[in-house]
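# Coordinates in review
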Amino acid sequence: MKIKMRNQQERRIMENGSIFSRSFGERELKKLGFGALIICCFMAFSFCTVSKQPTYSRTDHENIVRPIIHNLSNSRSDVLEINGDIRIHANTSTIYIHPTTTFDGQTNYSTVIKPYARKGDNFIKDYVTTWNIITINNHQLPENSHAVHYCGRNFTVPAVVFSIGGYSGNHFHDFTDLLIPLYLTSRQFNGQVIFLVSDKRSTWISKYNLVVHKLSEYNIIDTNNEENQVLCFPKTIVGLISHKEFGIDPSIPPHYSMRDFRHFLRSTYALERESVTSTSTYNNKKPRMLIVSRKKNRFIKNEIEVTEMAQKVGFDVVVEEMGLNLTVVAKLVNSFDVLMGVHGAGLTNMVFLPENAVVIQIIPFGADLWAKPYFTLPPKDMNLRYLEYKVGLNESSLLGKYPVGSEVYSDPGAVYKKGFIHFHAVYLKNQDVTLDFVRFGEVLLKALELIQH
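Residues numbered from 1 in each chain as written. Predicted model: local features only at pLDDT ≥ 70, side-chain atom pairs only at ≥ 80, totals over all residues. Heavy atoms only, no water.

## A word on the overall build of the protein chain
- Across its full length, the protein chain carries 15 helices and 15 strands.
- The burial tally for the protein chain puts 47% of its 453 residues in the buried class. (Helix = DSSP H or I, 4+ residues; strand = E, 2+ residues; numbered from the N terminus. Buried < 20%, exposed > 50% of the residue type's maximum accessible area, 1.4 Å probe, protein only.)

Here it is in C-alpha cells:
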C-alpha cells in the first residue's frame, strides 16, 4: 500500500514537471534562471548596504560606544579624563564627545574648563583660554555638524590639552603650574601622547623643549593656529593634574614623587651628580656653594662681604644670576652642594641639586607666611636639607619707609590678608636686605656641618 502511494506521488511530480516543460522551452528556462540569479544578487547587495548604515536606535544599545568621563579635579586644578570617540575642534576651543550614551532619556553633559593648574586665581583668568566640552548625539547635533562627523586628522594615541598662559615665563610658576603637573598627567603614557596647547608662548616651548619631548615623542599642536579641522582621539585629558605648591603627593595614585621627578630631570639633562657625598671623599676639595644673585629687587646689599665670609667658613663660593638656558643652569646647579638665595624664583633651581644637598633660603622681613609653601616645605620631599635665615627689620630696607607703628612693621599678617598685589608691592618688590654677619655666620656653619656629615 505504501509503495503504491509513493508511486502515485512521483507520477504527479513528473506530470507537473512535464507541464512546466511544455509551458517554457529550454531557451526560456535558461533566461528565467539567469533572471532569478540577478534578483538574488540584488537582494543580497541591498541587505548588506542597509546593514552598514549607522543605527542608534533604542534597541541597538550594543552598537553605541559609551564614553567614560572621569573627573580628576581638585582644589588646585580642573581635570577631565575622557575615553571614547573624542573630536576636538581647535579653532573654537571645543571638545565634542560623540556619540553620547544610549538614548534612554539621559541628558547631555557639558562643561567648561580653563586647563591651567592654578584654579581660582582670578588674576590670570583672562590669560587662559576656556575650553567647552560637550557630549552630543545624532538627535542634537550643533549647527556646524560637519565639524563633528568628519575627522580631519585621526590619532591612535591619547591627547593632553593644557594652556601655556597664566604665569608662564616666571621660572617658579613654570615648574609648579606647568612642568610638574605635566609630568604627573602624561608620564603614564611613556611618550605615546600628544600635547595640544592653547595660549602658546614660543619662548616657553624653547626653554623647556627637552622636558616636553622627554614626555612626548610627538610635536606639540598649537590649537590657536590649527587649521579649521577636527582632531580625533580615543582618549583625552583636559587640564593638568596638580597636587600642591611645587610638589607631588606620593600617596595619590600612580604614586609618583618629587624624587621621581628629579630623577626624570637628571635623565633629561644628563646631570652627573645624583647625591652629595661627605667632604671626606672630596680629596681635600672644599664643598661648593652657589649664591643666587638678584639685581632688580630683594638683592643682598652686602653680597660681596657675605661671599667672603662663606669662603672663610670653608666653602668654595660662586655668585651667579640664573640664565634662561636651562641646560646650562641645570648642569651648573648640579655641580654644587649648597644653594643659597633670597626668596624668589631662582631657588626653584633646587630641583637640579644632587640629593642631600643643602638649600638656604633668606626670607625677607614680613614674608614668612608667603615663603613657607613655596620653598620651606618642598626641599624635604626632594631629599634635600633645608636651612633658613629670617631677615630682621634692622636688616631690611623697609626700615624708615613707613611711619613708626605701621602695620607693615607690626603686623605683616594683616598686610598679607589684603591680597597678593598689595603684599607683593610692600614686602617683595620694594625690599632689599643687609645680612647680619654674626647671625648669618651661624647658618653658614650649620650648612658646612650638614655637608661634612
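## Considerations on the state of the cysteines
- In this structure the tally under the stated criterion is one disulfide.
- Disulfide pairing places Cys151 opposite Cys232 at an S-S distance of 1.9 Å. Given an S-S torsion of about -95 degrees, the disulfide between Cys151 and Cys232 has left-handed geometry. Placement of the pair is Cys151 in the loop between helix H3 (146–149) and strand S6 (153–154) and Cys232 in strand S10 (residues 230–238), with a sequence separation of 81 residues.
- Under the relative-accessibility criterion, Cys151 is labelled partly exposed at 31%. (Disulfide = S-S within 2.5 Å.)

## Examining helix H15 (residues 437–452)
- End to end, H15 covers 22 Å across 16 residues, agreeing with the expected 22 Å (1.5 Å per residue, within 8%).
- The complete set of buried residues in H15 reads Phe440, Gly441, Val443, Leu444, Ala447, Leu448, Leu450 and Ile451.
- Of the surrounding secondary structure, the elements contacted by the buried residues of H15 are strand S11 (288–292), helix H8 (303–313), strand S13 (338–342), strand S14 (358–363) and strand S15 (385–390).
- Its side-chain oxygen at 3.1 Å from the backbone nitrogen of Val438, Asp436 defines the N-terminal cap of H15. (Expected span 1.5 Å × (residues − 1). Contact = heavy atoms within 4.5 Å. Polar contact = N/O pair within 3.5 Å; in protein donor to acceptor, adjacent residues only side chain to side chain.)

## Describing a nonpolar patch on the surface
- Together, Phe123, Phe420 and Ile421 line one region of the surface with nonpolar side chains, adding up to about 330 Å² of accessible area.
- With respect to the secondary-structure elements, Phe123 resides in the loop between strand S4 (110–113) and strand S5 (131–135).
- Looking at Phe123, the relative accessible area reads 52%, which means it is exposed. (Patch = residues over 30% accessible without salt bridge, like charges linked within 9 Å, V, L, I, M, F, W, Y side chains within 5 Å. Areas by Shrake-Rupley, 256 points an atom, 1.4 Å probe, with all protein chains shown as cover. Salt bridge = Lys/Arg side-chain N within 4 Å of Asp/Glu carboxyl O.)

## Side note on the sheet that holds S14
- Across the sheet, five strands lie side by side as S12-S11-S13-S14-S15; this open sheet has parallel pairing. Each edge of the open sheet carries a strand with a single partner, namely strand S12 (316–320) and S15. Mean inter-strand twist for the sheet, computed between neighbouring axes without regard to direction, equals 20 degrees.
- Sitting on the sheet, H8 is in contact with S11, S12 and S13, with an inclination near 155 degrees to S12.
- This element, helix H10 (residues 368–376), spans S14 and S15 of the sheet and lies at about 160 degrees to S14. (Pairing = 2+ DSSP bridges. Axes fitted to C-alpha atoms, helices over the stretch in contact; angles between N-to-C directions.)

## What about the layout of surface pockets?
- Each pocket or cavity is described by its volume, and for the largest pocket that value is around 1300 Å³.
- Together, 43 residues line the largest pocket, and Asn170, His171, Phe172, Gly344 and Ala345 are the ones closest to its centre.
- Listed by contribution, the elements that provide at least two residues to the lining of the largest pocket are helix H4 (171–186), helix H5 (202–207), helix H9 (326–334), H10 and helix H14 (420–428).
- As for the second largest pocket, its lining consists of Leu72, Asn74, Glu81, Leu184, Gln188, Ile241, His243, Ile252, Pro253, Pro254, His255 and Tyr256.
- Looking at the lining of the second largest pocket residue by residue, the class counts come to seven nonpolar, four polar and one charged. (1 Å grid on protein atoms, 1.4 Å probe; cavity = no way out; pocket = protein on both sides within 12 Å on 5 of 7 lines; lining within 4 Å. Points joined across faces, edges and corners; volume = space filled by probe spheres on them. Nonpolar A, V, L, I, M, F, W, Y, C, P; charged D, E, K, R; others polar.)

## A closer look at the nonpolar core
- Phe175, Met289, Met350, Phe352, Ile360 and Phe440 are the most contacted members of the largest nonpolar core, which totals 97 residues.
- By residue number, the principal contributor to this core is H4, which donates eight residues.
- Beyond its immediate stretch of four places on either side in the chain, Met289 contacts Ala310, Phe315, Asp316, Val317, Val318, Phe336, Val338, Met340, Ile360 and Leu444.
- Formed by 19 residues, the second largest nonpolar core is a distinct cluster that contains Ile97, Ile113, Val157 and Ile194. (Core = buried A, V, L, I, M, F, W, Y, C linked by side-chain atoms within 4.5 Å.)

## Overview of the pairing of S10
- Taken across its nine residues, S10 has eight buried, putting it largely inside the fold.
- Direction of pairing for S6 relative to S10: parallel, over a ladder of two bridges. Looking at S10, one finds that Arg153 is bridged to Leu231.

## Regarding H8
- Among the residues of H8, Glu303, Val306, Thr307, Met309 and Ala310 are the ones counted as buried. Looking straight down H8, one finds that the buried residues subtend no more than 165 degrees of arc, so they occupy a single side. Structural note: H8 exposes Ile304 and Lys312 on the side pointing more than 90 degrees away from its buried face.
- Looking at the buried positions of H8, the neighbouring elements they touch are S11, S12, S13 and H15. (Arc of directions from axis to C-beta.)

## Comments concerning the confidence of the model for the protein chain
- Chain-level pLDDT for the protein chain is 85 on average; 79% of the residues reach the 70-or-more range.
- Below a pLDDT of 50 lies the segment residues 9–24, which in the model reaches three contacts outside its immediate sequence neighbourhood of four places, other chains included. (pLDDT = per-residue confidence, 0-100.)

## Things to note about the packing of aromatic side chains
- One pass over the structure, following the stated rule, counts 25 aromatic pairs.
- Aromatic pair Trp370 and Tyr416: ring centres 6.1 Å apart, planes at 65 degrees, arrangement edge-to-face. Of this pair, Trp370 sits in helix H10 while Tyr416 is found in helix H13 (residues 412–416), placing the two residues 46 residues apart along the sequence.
- Judged by its relative accessible area of 16%, Trp370 is buried.
- Judged by its relative accessible area of 32%, Tyr416 is partly exposed.
- Members of the aromatic cluster, connected to one another through ring pairs, are Phe172, Phe246, Phe365, Trp370, Tyr374, Phe375, Tyr416, Phe420, Phe423 and Tyr427. (Phe/Tyr/Trp six-rings, centres within 6.5 Å; stacked < 30°, edge-to-face > 60°.)

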